[in-house]
Amino acid sequence: MAEQLLDIADVARCSGLAPSALRFYERKGLIAPAGRNGLRRTYHPDVLARLALITCARGAGLSVAEIGRFLVAQPSDPDLRTRMAARARDLDEQVGRLTRLRDSLRHAAVCDHEPIVDCPDFKRAIGEVAPPALAAGASAL
């Protein structure tokens, strides 16, 4: 039994991406159509998992070029592995900053200090969230 192909509109609906984004990813070599049904592109259903990976990577700040290199990476590519490990460390730092920001916003939501932005606990939390260079400059003021 032949595998059921998905029309570009179905892939767009299921992935949450616009058809123009699918065509863009296709031009960049990130996905490939299985063929055409008339004038419309068709895709194998496994393209949805690939698009989920691409969407996640884009959300994490990877460029289309970085994603393209990652999608064709081989275990024998030490340069790519080094870059991906560095990117993972960057994401760890970003997750830490976002976690501290979330916690400071939760504090602000229940804080009764007037104004909230002058609350010492809030200021301390925000100082911990700021990028290191900015936080150092702020403490020097």
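Structure first, text after, so check above.
Residues numbered from 1 in each chain as written. Predicted model: local features only at pLDDT ≥ 70, side-chain atom pairs only at ≥ 80, totals over all residues. Heavy atoms only, no water.

Draft legend 1. Main features of the overall build of the protein. Of the regular secondary structure elements, the protein holds seven helices and three strands. From first element to last, N terminus to C terminus, the protein shows the α and β order β-α-α-β-β-α-α-α-α-α. Looking at the protein as a whole, 22% of its 141 residues are labelled buried. Within the protein, contacts between residues separated by at least 24 positions form 44% of all contacts whose residues are at least 6 apart in sequence. Summed over all atoms, the accessible surface of the protein reaches about 9600 Å², with 59% contributed by carbon and sulfur. (Helix = DSSP H or I, 4+ residues; strand = E, 2+ residues; numbered from the N terminus. Buried < 20%, exposed > 50% of the residue type's maximum accessible area, 1.4 Å probe, protein only. Contact = heavy atoms within 4.5 Å. Areas by Shrake-Rupley, 256 points an atom, 1.4 Å probe, with all protein chains shown as cover.)

Draft legend 2. Representation of the sheet that holds strand β1 (residues 6–7) within the structure. What the three strands build is an open sheet, ordered β1-β3-β2; its pairing is antiparallel. At either margin of the open sheet sits one strand with a lone partner, and together these are β1 and β2 (35–37). Pairing analysis gives two bridges linking β1 to strand β3 (residues 40–43), with the strands arranged antiparallel. Its bridge partner lying in β3, aspartate 7 is registered against threonine 42. (Pairing = 2+ DSSP bridges.)

Draft legend 3. Representation of the pairing of β3 within the structure. Judged from the three bridges that link them, β2 and β3 form a sheet pairing that is antiparallel. Of the residues in β3, the one forming a bridge with glycine 35 is threonine 42.

Draft legend 4. Summary view of the environment of arginine 83. The residue arginine 83 is located in helix α5 (residues 78–110) in this model. Using a relative accessible area of 32% as the deciding quantity, one classes arginine 83 as partly exposed. On a C-alpha basis, the gap between arginine 83 and glutamate 66 in space is 9.4 Å, while along the polypeptide they are 17 residues apart. Polar contacts involving the side chain of arginine 83 include one to the side chain of aspartate 79, which spans 2.2 Å. (Polar contact = N/O pair within 3.5 Å; in protein donor to acceptor, adjacent residues only side chain to side chain.)

In short, the description is geometric, and any link to function would need to be established separately.
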